[in-house]
Amino acid sequence: MKISFKEIEILVSQLYGFDEPKVFLEQYETDGKTVSFFLQKAYQDLIRKSVVDLGCGTGILTFAAVLASSKFVLGVDVDISALKIALKNKKILADLGFSLPVDFLCADVKKLYLKKKFDVCIMNPPFGIQRKGADRIFLKKAFEISDVVWCFLSQNSEPFVRKFSEENGFCVTSSFKTKIQLRRKFFFHKKNVEFLPVDIYRIERK
Ligand code: SAH
């Protein structure tokens, strides 16, 4: 079934988010509008490709990629309760008639070992705000397992991302600025809805 980015935006907006988000894992879902912005930019890389989604949470980017016609997507997250929600979301989409070549794996990205590589890695990981260096661990793993990486990071991370990519034999080929819509989740959120400025990077093996 071929569907538009707008339809994917609407579908993923209706999926379950985190029940009890964990601050130390920096858990928040990507909102529907950001998902369709991401797909407009990344679509050509995703189509008919094998994809791994690191820190997949409740599966928003995993499902977005597969609905946009990736061949297969593996979602990886350390938190089993997030993956249980991802499975509930999978059932919702399957009941709507979508075929979903996705699988989920519960693992810490730091210790993740995958037997085979994936064409593309996508991720909206922790930004390293609660645990310093978390973003670095995700990028390092992505460089190990894929030749093309699409990664969300906090704004102003560009000098770090460019340098770290170069050190690992990769280079940033594009970057896009956007804002993720965060619903009030944590005590330190002051408003019901806040916008978090982020950069989305496309990084490729040299
Ligand atoms: N990618 C999802 C969730 C973003 S929140 C989305 O876009 O909606 C970041 C996710 O990274 C959370 O689900 C959190 O549980 C996961 N995470 C944090 N540290 C991790 C680690 N070391 N290994 C695997 N997953 C991790």
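Note that the coordinates shown come from a computational prediction; the quantities given were computed from them, not determined experimentally. (Residues numbered from 1 in each chain as written. Predicted model: local features only at pLDDT ≥ 70, side-chain atom pairs only at ≥ 80, totals over all residues. Heavy atoms only, no water.)

## Brief notes about the packing of helix α1 (residues 5–13) against helix α3 (residues 60–67)
Here comes step 1: For the pair α1 and α3, the least separation of the axes is 10 Å and the interaxial angle reads 150 degrees. The angle between α1 and α3 places the two elements in the roughly antiparallel class. Remark: the crossing between α1 and α3 carries right-handed chirality. Contacts between α1 and α3 involve Ile 8, Leu 11 and Val 12 from the former and Ile 60, Ala 64 and Leu 67 from the latter.
Here comes step 2: Each residue belonging to the contact of α1 with α3 can be placed in one class, and the counts come to six nonpolar, no polar and no charged. (Axes fitted to C-alpha atoms, helices over the stretch in contact; angles between N-to-C directions. Helix = DSSP H or I, 4+ residues; strand = E, 2+ residues; numbered from the N terminus. Parallel < 35°, antiparallel > 145°, perpendicular 65-115°, else oblique. Left-handed = near helix turned anticlockwise from the far one by under 90°. Contact = heavy atoms within 4.5 Å. Nonpolar A, V, L, I, M, F, W, Y, C, P; charged D, E, K, R; others polar.)

## Some remarks on the pattern of salt bridges
A side chain of one charge can pair with a side chain of the opposite charge if their charged atoms are brought near each other.
Here comes step 1: The full count for this structure, using the stated rule, is twelve salt bridges.
Here comes step 2: Here Asp 199 makes a salt bridge to Lys 177, at a shortest N to O gap of 3.0 Å. Of this pair, Asp 199 sits in strand β7 (residues 193–205) while Lys 177 sits in strand β6 (residues 170–183); the two residues are 22 residues apart in sequence, bridging distant segments of the chain.
Here comes step 3: Looking at Asp 199, the relative accessible area reads 1%, which means it is buried.
Here comes step 4: Using a relative accessible area of 54% as the deciding quantity, one classes Lys 177 as exposed. (Salt bridge = Lys/Arg side-chain N within 4 Å of Asp/Glu carboxyl O. Buried < 20%, exposed > 50% of the residue type's maximum accessible area, 1.4 Å probe, protein only.)

## Side note on the site of the ligand
Here comes step 1: As a matter of local geometry, the ligand sits amid 22 residues, with Gln 27, Thr 30, Gly 55, Asp 77 and Val 109 nearest to it.
Here comes step 2: Between the ligand and Thr 30, the relevant distance is 2.5 Å, taken from an oxygen atom to a side-chain nitrogen or oxygen of the residue.
Here comes step 3: Here a nitrogen atom of the ligand and a backbone polar atom of Gly 55 are 2.7 Å apart.
Here comes step 4: Considered on its own, the ligand offers 570 Å² of accessible surface; in the complex 97% of this is hidden by protein.
Here comes step 5: Looking at the shell around the ligand residue by residue, the classes come out as eleven nonpolar, five polar and six charged. (Near = heavy atom within 4 Å. Polar contact = N/O pair within 3.5 Å; in protein donor to acceptor, adjacent residues only side chain to side chain. Areas by Shrake-Rupley, 256 points an atom, 1.4 Å probe, with all protein chains shown as cover.)

## Some words on the sheet that holds strand β3 (residues 102–106)
Here comes step 1: Taking strand neighbours across the sheet as the criterion, the seven strands line up as β3-β2-β1-β4-β5-β7-β6 in an open arrangement whose pairing is mixed. In this open sheet, the two strands that pair with only one neighbour each are β3 and β6. Taken over all neighbouring pairs, the strand axes of this sheet differ in orientation by 20 degrees on average, direction set aside.
Here comes step 2: Bridge count for β6 against β7 is 13 bridges, and the pairing is antiparallel. Bridge pairing in β7 links Thr 178 to Val 198. (Pairing = 2+ DSSP bridges.)

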